[in-house]
Each structure stands twice: as structure tokens, then as C-alpha cells.
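# Structure assessment
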Amino acid sequence: MEKSSSNETQTLTSKKELLDCTEGEDCQENGLLVHPSHGDKGEAGQISNGYSVVQSPVPCNGIGDGEDVQCTAPAATTTTTTTTSTTCGVEAQPQLLELEERETWSKKMDFLLSVIGYAVDLGNVWRFPYICYQNGGGAFLIPYTIMAIFGGIPLFYMELALGQYHRNGCISIWRKICPIFKGIGFTICIIAFYIASYYNTIMAWALYYLISSFTSELPWTSCKNAWNTVNCTNYFTNASITWTPHSISPAEEFYTRHVLQVQRSKGLDDLGGISWQLTLCLLLIFTIVYFSIWKGVKTSGKVVWVTATFPYIILFILLIRGATLPGAWRGVVFYLKPDWQKLLATEVWVDAAAQIFFSLGPGFGVLLAFASYNKFHNNCYQDALVTSTVNCMTSFVSGFVIFTVLGYMAEMRNEEVSEVAKDTGPSLLFITYAEAIANMPASTFFAIIFFLMLLTLGLDSTFAGLEGVITAMLDEFPHVWGKRREWFVLGLIIACFLGSLSTLTFGGAYVVKLFEEYATGPAVLTVVFLESIAVAWFYGINQFCSDMKEMLGFTPGWYWRLCWVAISPIFLLFIICSFMSSPPDLRLFDYNYPYWTTIVGYCIGTSSVICIPIYMAYRLIITPGTFKEVSDVSNPTQGRKLK
């Protein structure tokens, strides 16, 4: 792999000469020899700075002739084999431009912190603790660990390896793996847009709380505000007050009636007007996001040194504070007390599989994008193990942070922890935890750092999600956006902001819940299922492992091969079938979602996944020949048959 800089320059600057050769001729200019070849197997070429030379179908003179073209650079002993067909002519230009130098991370830690910041998000704080106690407490850790070892981590590792080897985003990478699956990339981009349209609204709520925290007395501590009702009960200030089934805490009314203002909406069929306060908060969020990612990973890689590390400092502070509260032990016992009978229930294993999958986050295009900026010989195997372990441990520790406070709440209300821990999702943070903080000594300080932590957790994930889309589009259309990244990012941010307007209405919380359940879950599961099938069975597990040996210096063992070929796809299919057989029964606050929202939800999810069969049909239509012939030429690895 060691080459002189002169040879590197020759290889990079020879793409014009590559187009000048004609069929049946040998062309040699600037040390680049081009000649027709009909060999069965070619090597995936690498240039000296570690970037993959084009492996996808690239026709000579832009015209597909059904033959293999082999390009060799004698001085550098680099070989590139490409398979051409009538389907690849339209993709020639972007592929040639891939030879240009690619941006890389300034430091290895920039990459690691970016991946950790992406994987560790708001869901680690609110979803894992709830899922854990709901599914058997400490016993849940058994299926969670099993699903991580045989499902989540292998898929996580696979995406990092694919991105680092092929050095492309989630769309153009399929030219090098199996072009007929290219619709997966477009599906990922649509899913990312949906996520950005509701996920950042949750951060806008956190920002509103943060701004409201800069007071001597937090506004959700009393029942004397304009938004409070007669059911408001502040049991912290008066020990003689009894908590009844009709009682509503000041924190809950602040969240529902002041921040969200859900009382001004009748549901999804009447969302009401737009909250200007939340709109301004969201505008500020997107402004921060834009100036953090507009210049690429060299900029965002510096920002994550703050946004990825700050949450751990705050989690440690809150853990110490929670452990010293009265009744904290009750929450910990409730969190970890094992219920072994739960292990016999299928839904516990489904929840464990879904939790580890969405926590690690393969299938969103982010891991492909981040890894594509690594140096070619970076040890992504070690990175996968380190970052996935950190993510899982963060989820586990977050449970102690949450449940020590829930134990304190149960002690103050003189109730069981199970009664206090009814809130799920964002409500667990914005109602239950916010209420506990408000009644601690130095409540203003703890409120500020807590909501700052939520913001930084969310910002990391937003940086990553949008970078996945940006990398994909810039790699797919380099001649259009290659030199206009700032303008593309600006347009993407504006589109995401406009897409978020429905979540900023008085009934916006209902929209957020609908998108959270339907727009991402089954669609992403389908994406990763097809991705794993395409890599292991179409591209070929032997070819994939050969690529990894070239990149890392060693071949993955039988455990990884078995997971990629069979266990991980079965793992994903298991979750998909479970979801489709029993769609979630949605309810938020006192609002029961009508039946038609299930249909709308499936339509939203299908609107992204539909790109996959549409592109497959398009590919088959524009390619002459039988299905078998089309399948053969759709695979860029020297025309070998699909497995």
C-alpha cells in the first residue's frame, strides 16, 4: 500500500484519460494502462491515500459494452477491475469523480466521539430504563445482552466496515456492492428527514425548559400560575395533602398546558395553531446545527468534544445526587429486581432486540457516512466494540440516574414506585424528572444542567443524522453539490424546519408520537434487513471478508460470518414480524389515537420504503436481457452471479 506521492498524483489525475480509451485498444498515458479484459475476478484497487478506486460499473467512453475493463498502474502495482453494462452509463460521471481526494477526520477521537454522540441519545435516558423495569428488571439484561452480541453489534460493525472500505454515503455505496439495491440509500434519506422533522422538536421543548429554568423559583413548582387547574396538587410544599387519582402535579400541567398547550387541540384531526415560543426555540436549534455541520466533519468533529462528553459529566453529577435522596434505594430495587418469569414472554425478547437495535443505530446511514471519512486502514473492528460497549453501559447507568429519583418521588408521595413510574418517553423527563429536580435543594442549578444535558444528547444525534444525508447526496451528485456544501446544508436545514411545523402546533405532541412509532421503526428495520441480505448473499460474504482483510489485515472469524449470513437477518426479521403482527396501540395523555391514524402511520412508513422496489423496477426496466442476466450485471464484482 505504500506508494510515492508522484504515483498517487498520477492515479488521481488520470480519470480523463480513462475515458479516452476505446474498445479493443490499450491506452497508456501518465503511467495508467487501460485494456479490455474478460477475467473472472479482479482485485479492488486502492490508491495510496487509502481511497477506494472505482469498483462499480464504469463504461469506456461512457458506453456500456458488457465487457470488463481492467486498469493497471504499473508503477504503483494497483489494479482496478470494473464491470460495465447498459445499466451503468448514467452512473459513470459520479463514479469517476470519487477519485478526487476525500475529507478525513482530523483526529481519531473526533470519529469515536461522533459515533458515541450519535449512538448515545435521548432514548438511552428515557427508553432503556422504562423498557428494563417493564420487562423483568435485572432479568431483562439477559435477552438484552444476547441480542446485542448476536444482532446489534455485528450489524454495527458491518456498517462501519462497509463505509470505511468503500468510502461512500448510503446512496452511491450501492454502486460498489449491488446497484439494484440502491433504493435503500434513498429510503434512508427520507427516513432521516422524518426524524429531523420531529426529533428536533423534542429538543425545542428541552430548550424551552432550559430558558424557563433561569429563575430563583422554577415555574413548575407551584399551582399559582395562569395555566394551572383546580386539580393541581403540590404535595411537596404541604405534607398533609393527599395524592388522589385526580391529582395532577404542577410539573405535568407546566408541560402539557404551558409548554405543549395540548388543551388547545382536539387531536390529530384538529391540531390548532402554531406555538410561536416553540417555533423560536426550534429555529435556534437548527441555527446551532447548521453552523456545526456546514463545513463538514472537521467542524462537527470539534463540536462533539463538548456535546459528546458533557452529558457524561452531568450524568455522573445527577447519579451522585440521586443516590443521596431519601427513598433512592426503592427505585434501584424496582429497577433491578429480576422477574425471571418474564423471560418466557416473547414480547420481552422483541423489546430487547428493538432496544439494542435502535440504541446502536445501524440503518440510518450515519455509520456509513462517519466511517467513510476514516483512513483506509483504521481499525474499525476495535472502534465497533468500544463504541457499542460505551453505548450499552450508558443506557444501564442512565437507569440508576432515573430510578433513584423515581424512588425519591415514591417516598414523597407515599406510593409504590410502580405508580410513580407510569410516565414513558419524553414525559418521564419533562414531568417526572423535572418535578423531582424542582423539589431538590439547588433546584435551579440541577434543572439547568439537566436540560443542557438533554440538548447536547439531542444535538449529537441531529448532527449525525443530517451528516448521513449530506454525505449521501454529495457523493451521489458531486458535480452538482461537491463545491456547494454550505448551500446544500442550508437548504436541508430549511426543509427540515418547514417539515417540523406540524409538530410545533398545539397538538404537535400527537404528531411527534405518531412519527416516532411509525415513520422510523419498521422502515429502518426493513432497510437494515435488506442491507444485511444484500451484503452477505448478493455481494457475497467471502468478498466482504476479503475486503476487510485488505483493509484491516485480518479476516473476520466464523462468529462474525455466521451473524452476518444468518443470525442478524433472522434477528431483524423477528422484530419486523412482531411489529407488523401487533401494531402499537397509541395513547398520549388522555388522547386515544383513532383507528385511521394506524393507516396514516403505515402510509408514512411505506412512503420511504417504497423507494426500494421502485428503484429495483427502474433498474430492471432500463436493463435489457432476462432477469438472470440483469441480476448478473447488477453486481459490480466482475459480473459474478448473485448468490
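The present account deals with the structure reproduced in this document. Source: prediction; values computed, not measured. (Residues numbered from 1 in each chain as written. Predicted model: local features only at pLDDT ≥ 70, side-chain atom pairs only at ≥ 80, totals over all residues. Heavy atoms only, no water.)

What follows covers the pattern of salt bridges. This structure, assessed with the given rule, holds 10 salt bridges. The salt bridge partner of D110 is K302, with a shortest N-O separation of 3.3 Å. With D110 in helix α4 (residues 108–119) and K302 in helix α11 (residues 297–307), this residue pair connects regions lying 192 residues apart in the sequence. A salt bridge links D590 to R587; the nearest nitrogen and oxygen atoms lie 3.9 Å apart. Looking at D590, the relative accessible area reads 70%, which means it is exposed. The exposure class assigned to R587 is partly exposed, which follows from its relative accessible area of 45%. (Salt bridge = Lys/Arg side-chain N within 4 Å of Asp/Glu carboxyl O. Helix = DSSP H or I, 4+ residues; strand = E, 2+ residues; numbered from the N terminus. Buried < 20%, exposed > 50% of the residue type's maximum accessible area, 1.4 Å probe, protein only.)

Bringing unusual backbone geometry into the picture now. Of note in this structure, R167 is not a glycine but carries a positive phi near 55°. Topologically, R167 is positioned in the loop between α6 (141–166) and α7 (174–177). Residue class for R167 comes out buried when judged on its relative accessible area of 4%. Phi angles above zero are rare outside glycine, and Q261 is one such case at about 60°. In this structure, Q261 sits in the loop between α9 (250–259) and α10 (276–293).

This part is about the packing of helix α22 (residues 508–552) against helix α24 (residues 596–609). A packed helix pair is summarised by two numbers, namely the angle formed by the two axes and the spacing between the axes. Where α22 contacts α24, the two axes come as close as 8 Å, and the packing angle between them is 40°. Taken together, the axis directions place α22 and α24 in an arrangement best described as oblique. For the element pair α22 and α24, the recorded crossing hand is right-handed. Between α22 and α24, the contacting residues are L514, F515, Y518, A519, A523 and T526 on the first element and T597, T598, V600, G601, Y602, I604, G605, S608 and V609 on the second. (Axes fitted to C-alpha atoms, helices over the stretch in contact; angles between N-to-C directions. Parallel < 35°, antiparallel > 145°, perpendicular 65-115°, else oblique. Left-handed = near helix turned anticlockwise from the far one by under 90°. Contact = heavy atoms within 4.5 Å.)

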